[in-house]
Amino acid sequence: MSASVSERPATAGADAPAPTAAADRRAPSGARPARPGPALAVIAGCNAMIQLDDPIMNIALPGIRADLGLSALAASWVIGAYLLAFGGLLLLGGRAGDILGRRRVFVAGVALFTAAAAVRAVVPTGGLLIAVRTVEGAGAAFAAANGFVLMLSTFAEGPARKRAIAVCTAVGAASTAGGLLLAGALTSAGSWRWVLLLNVPMGLAVVLLAPRVIAETERIRGRFDLRGALLSALGAASLVYGLSQAAEHPWTDALVAGPLLAGLVLLSVFVATQRRASQPIVRLGLLRDRDRALAFASMLVLPGALIGAYFFLSQSFQQHHGWSPLEAAFGLLPVPVTMAAMAGVAVRVERAIGPKPMMAIGTAALVVENLWLAALGPGDAYLTGVLPALVLLGAGMAFCVIPPTVLATSGLRPEELGSAASVLNALQSVGGSLCIALMVTASSGHSDFSETMSAGFTAGAAFAGAALLLALSLRPRRRA
């Protein structure tokens, strides 16, 4: 087995606090012992529920626009309001779990997400739908920031934790596959309102089961850094908003440049305040370990290697080949199915060869897949032209997701896990917005859609190439 980061603990860094004394922690009253198997099922179910939301909303959006009379701008806010709340509140959600207890904040976040998911299916106006989507994004941020840490707390570093991460990856991919099919079928056969209720049963199950199978974490004595929380939330939200506008406006436009500049300034001030804060939201010492910093950086560019398939191929299938939503869902199905099937294989491969070569193989596969799709012609058949690339994409993502997740969260003290997980989630959220904005910019200016798609996948290959360079910069690990 390859030596993991746990076998060579990361240096905490000069500005990281000393290990918290027992007197600074409060054991949760009436805490239940963790039940690892059921706990993992609940946490993976929450992860699947959150990942399922994106394909649901994208497939339902045309029907929402028609029934509620939304303009193109208002429709973009149905998606954007969720992303702003989710990206802006991840860091605060992680800190809230430190102080209030991770299971408590996790359950509260899932409950808020589920309630909003139920309400959005019956809203009468677009304005109310946008408000509900904001609440839903806040619930998702608090749930995601703490669910991942609960998994890390339940499974010790090493093979058990890697298998747990692989299970969450597989379940998330499988939920995306199922969500595509269910959303496509319900949209084709019924109302978009039924589609928006798909998350509700899953959310209710998580809320009911989590207190019974997940142990509460120790609460760390401290206070909320309100100034840091406000700066991080506004800074991340400004970046996400500016990047979302870059998909439709020039980068020099005030709607793009203004929010991006504001976001960078706010986040710069946030970093400066965290250096001086006695109880920071983000422990900057985490970035002193080179491999952890590289793992964080990879989460900024990896989304760009995946987004193109869903963004461009879904349009190509429906608008240019006349496929129904359900047929388009079937066309994209090989990506999540392959990713789910390869997640377990990825754990065994990582154990045999280590994270650096494994991530290098995965990112190289993504480079080849994106270049393959960039060369796709209008007359190429699905079975010979598209399907092999989608299988390669699913396998490449399975090999790329697990190593940086393990590297970013290994070798840490319990009080550092929440900060690391929150940063990982926040970078992935901002990275997704950044990649789609750059891909749309790279593909604009072409009158023919096949040229637009080719330019977009070429940009995707560039993102995958950047991830490959980051993988090659990792330190090699000894094989045990």
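Preceding this paragraph is the structure being described.
Below you will find a few notes about this structure.

Counted by the stated rule, this structure contains 0 disulfides. Cysteine Cys-46 remains unbridged, with the sulfur of Cys-168 as its closest cysteine sulfur at 9.5 Å. When its relative accessible area of 3% is taken as the criterion, Cys-46 is described as buried. We note that Cys-400 lacks a disulfide partner, and the nearest cysteine sulfur, in Cys-435, lies 13 Å from it. Residue classification places Cys-400 among the buried residues on the basis of a relative accessible area of 0%.

The next point concerns the packing of helix H8 (residues 226-245) against helix H9 (residues 254-276). In a pair of packed helices, the angle between the axes and the distance between the axes together describe the arrangement. Between H8 and H9, the shortest axis-to-axis distance is 7 Å and the interhelical angle comes to 155°. Taken together, H8 and H9 sit at an angle that is classed as roughly antiparallel. Handedness of the crossing formed by H8 with H9: left-handed. Partitioned by chemical class, the residues of the contact of H8 with H9 number 15 nonpolar, 9 polar and 1 charged.

It is at 8 Å that the axes of H8 and helix H15 (residues 414-443) come closest, and there the two elements cross at 20°. Regarding the angle of H8 to H15, the classification is roughly parallel. Regarding H8 and H15, the two cross each other, and that crossing is left-handed. Across the interface between the two elements, Leu-239, Val-240 and Leu-243 from H8 touch Val-430, Ser-433, Leu-434 and Ala-437 from H15.

Scanning the entire structure with this criterion turns up 6 aromatic pairs. Between Phe-317 and Trp-323 the ring centres are 4.4 Å apart and the planes differ by 15°, which places this aromatic pair in the stacked class. A relative accessible area of 28% means that Trp-323 is categorised as partly exposed. When the centroid spacing of 6.1 Å and the interplanar angle of 65° are considered together, the rings of Phe-317 and Tyr-382 count as edge-to-face. A residue pair is termed long-range when its members are at least 10 positions apart, and Phe-317 in helix H10 (residues 290-320) and Tyr-382 in helix H14 (residues 382-409) qualify at 65 residues. What makes Phe-317 buried here is its relative accessible area of 3%. By the ring-pair criterion, three or more aromatic residues cluster together here, those being Phe-317, Trp-323 and Tyr-382.

The next subject is the layout of surface pockets. Reported here for the second largest pocket is a volume of approximately 560 Å³. Lining the second largest pocket we find 24 residues, and of these Leu-91, Leu-267, Val-271, Val-423 and Leu-427 sit closest to its centre. The set of elements that each furnish at least two residues to the lining of the second largest pocket consists of helix H2 (72-100), H8, H9, H10 and H15. Of the residues forming the lining of the second largest pocket, the biggest block, 5 residues, is contributed by H9.

Before going further, it helps to examine the side chain of Ser-422. Mapped onto the elements of the fold, Ser-422 is located in helix H15. Excluding residues that lie within four positions of it along the chain, Ser-422 makes contacts with Leu-90, Leu-91, Gly-94 and Ala-145.

Rules and cut-offs
Starting from 1, residues in each chain are numbered consecutively following that chain's sequence as written. pLDDT decides what is reported in this predicted model: residues at 70 or higher carry local features, side-chain atom pairs at 80 or more are listed and counted, and totals for whole chains, interfaces and linings draw on all residues regardless. Water and hydrogen atoms were dropped before computing side-chain values, which therefore reflect all heavy atoms in the structure. Count a disulfide wherever a pair of cysteine sulfur atoms falls within 2.5 Å. For each residue, the accessible area found with a 1.4 Å probe, counting protein chains only, is set against the maximum for its type, and the residue is called buried under 20%, exposed over 50%, and partly exposed in between. All axes are obtained by fitting lines to C-alpha atoms, using only the stretch in contact for helices, and the reported angles, taken between N-to-C directions, cover 0 to 180 degrees. Secondary structure elements are defined from DSSP: runs of H or I of at least 4 residues count as helices, runs of E of at least 2 residues count as strands, and each element is numbered from the N terminus. In this scheme, roughly parallel covers angles under 35 degrees and roughly antiparallel covers those over 145, while 65 to 115 is roughly perpendicular and the rest are oblique. Left-handed describes a crossing in which the near helix is turned anticlockwise from the far one by less than a right angle; the clockwise case is right-handed. Gly is put with the polar residues, along with every residue not named as nonpolar or charged; the nonpolar set is Ala, Val, Leu, Ile, Met, Phe, Trp, Tyr, Cys and Pro, and the charged set is Asp, Glu, Lys and Arg. A contact between two residues is defined here by any heavy atoms of the two lying within 4.5 Å. Only the six-membered ring of Trp is used, alongside the rings of Phe and Tyr, when aromatic pairs are assigned; centres must lie within 6.5 Å, and planes under 30 degrees apart are stacked while those over 60 apart are edge-to-face, with the rest tilted. We place a 1 Å grid over just the protein atoms. Points where a 1.4 Å probe fits but has no way out form a cavity, open points with protein on both sides within 12 Å along at least 5 of 7 lines form a pocket, and any residue with an atom within 4 Å of a point lines it. Grid points are joined across faces, edges and corners, and a volume is the space filled by probe spheres set on the points.

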